[in-house]
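Reading the structure
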Amino acid sequence: MQGNLSAWLVKHALIHRSLGFDYQGIETLQIKPGDWHSIAVILYVYGYNYLRSQCAYDVAPGGLLASVYHLTRIEYGVDQPEEVCIKVFAPRRDPRIPSVFWVWKSVDFQERESYDMLGISYDNHPRLKRILMPESWIGWPLRKDYIAPNFYEIQDAH
Amino acid sequence: MASSLSSMASIMGLKPINKQEMLISKRRINNGFQVFAQQVQEETTSLQQEEEKEATPVKGVTQPRPVEPQVNVESKNMGRAYGGQWLSSTTRHVRIFAAYIDPETCAFDQTQMDKLTLILDPTDEFVWTKETCNMVYSYFQELVDHYEGAPLTEYTLRLIGSDIEHYIRKLLYEGQIQYNMNARVLNFSMGKPRVGFSYNEYQIEDVNQ
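Residues numbered from 1 in each chain as written. Chains lettered and ligands numbered in written order. Predicted model: local features only at pLDDT ≥ 70, side-chain atom pairs only at ≥ 80, totals over all residues. Heavy atoms only, no water.

Looking only at helices and strands, chain A has 4 helices and 7 strands in total. Starting at the N terminus, the α and β elements of chain A follow one another as α-β-β-α-β-β-β-β-α-β-α. By the burial criterion, 45% of the 158 residues in chain A qualify as buried. Across chain A, contacts joining residues at least 24 apart in sequence account for 51% of those joining residues at least 6 apart. In the structure as shown, chain A presents an accessible area of about 8,600 Å², 55% of it carried by carbon and sulfur atoms. (Helix = DSSP H or I, 4+ residues; strand = E, 2+ residues; numbered from the N terminus. Buried < 20%, exposed > 50% of the residue type's maximum accessible area, 1.4 Å probe, protein only. Contact = heavy atoms within 4.5 Å. Areas by Shrake-Rupley, 256 points an atom, 1.4 Å probe, with all protein chains shown as cover.)

On to the packing of aromatic side chains. Enumeration over the complete set of coordinates arrives at 12 aromatic pairs over all chains. Between A:Y44 and A:W104, the aromatic rings sit 6.3 Å apart at their centres with planes inclined by 80°, giving edge-to-face as the arrangement. One end of the pair, A:Y44, is in helix α2 (residues 33-46); the other, A:W104, is in the loop between β6 (96-98) and α3 (107-118), with 60 residues separating them in the sequence. Residue classification places A:W104 among the buried positions, given a relative accessible area of 3%. One aromatic cluster is present, built from ring pairs that chain together B:F126, B:W128, B:Y179 and B:F188. One cation-aromatic arrangement involves B:R158 over A:F151; the distance from NZ or CZ to the ring centre is 4.2 Å. (Phe/Tyr/Trp six-rings, centres within 6.5 Å; stacked < 30°, edge-to-face > 60°. Lys NZ or Arg CZ within 6 Å of the ring centre and 35° of its normal.)

With that settled, the discussion passes to the pattern of salt bridges. All names here are of chain A. With the rule as written, the count across this model stands at 11 salt bridges over all chains. R96 is paired through a salt bridge with D123; the nearest N and O atoms lie 3.3 Å apart. Of the two residues, R96 is situated in strand β6 and D123 in strand β7 (residues 121-123); the sequence distance between them amounts to 27 residues. Overall, the relative accessible area of 43% leaves R96 in the partly exposed class. Residue D123 is classed as partly exposed on the basis of its relative accessible area, which comes to 23%. (Salt bridge = Lys/Arg side-chain N within 4 Å of Asp/Glu carboxyl O.)

Moving on, we get to helix α1 (residues 4-11) of chain A. Residue and element names in this part refer to chain A. Those residues of α1 lying buried are L5, S6 and L9. Down the axis of α1, the smallest arc covering the buried residues is 100°, so these residues share one side. Every exposed residue of α1 that faces more than 90 degrees away from the buried side is listed here: N4 and K11. Contacts from the buried residues of α1 go to β1 (17-21), β2 (27-31), α2 and β5 (83-90). (Arc of directions from axis to C-beta.)

Following this line, the structure appears as structure tokens:
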């Protein structure tokens, strides 16, 4: 079954796929990476002015990488604000997703973290570099096929 | 005794076993902007450095190459173009710096980034002899030759340092080096000493007999 936002998007002929509702009743949509920037601007104009969080995960070894955006609307006098969750899937070989930094500023560090951990590079991000690992690290640690090198102190902490 | 003075003496250069090894690996950086993380893309293992090597006398074990001593070395920081920070890998027994450290005055010249300096076991957890030190130095030389061409980052220095630590652990398990019982911190960081039940000479007496 489709939620309200999904119906609205269909009405405006924007390509997406509805992924149903999660356990809290928040509807989830899947957007293609190419369309994501324009749909982000449309959602901002529609009223979702708060990006609650952005995270990313590795769907399957050899599969896709997902970048998840949790949007909500901040306004006064509302008991249950509208929320929506957007997932953008990127291929593993060349994972590039347009950055929504220019729409919601809070995505700055979060996209850097997704880049650092999974290797998803965000186009038009002003300073996309590693934020958790040392800058000279090689590899994407949170990918499912990542093998940590045999550093001494990890093995032999007595 | 000697062990407690050893760390002091190595600074003075008086100790017969000099546990500081300076290695000229002659790594040259092609252009200084390639290796530091101002860029977005991650470097692969492509060759970014060239290295001139002298002929090594190969006699089973790699001999460390002789190093010409330098005079008038001053402590200098790395240039701004290279990020202004030092490159090092530090664990308990192995400290590798991409700099030239003068053995006598301990001047730390970081502008000479083509040299790697290894400081071996500054806390004296093990008992070192000249032979065992030289084994570690020759292994270090082999590793540096093996890693020739890799980008000069802390990641590769940590890989080299970890390999040397694993080598020291191997020497310990073979019995070639031993723990120093007069060390200031005695916590057997590479494994507690064990009784060798598999040794053939040592027969454990049966309790019931």
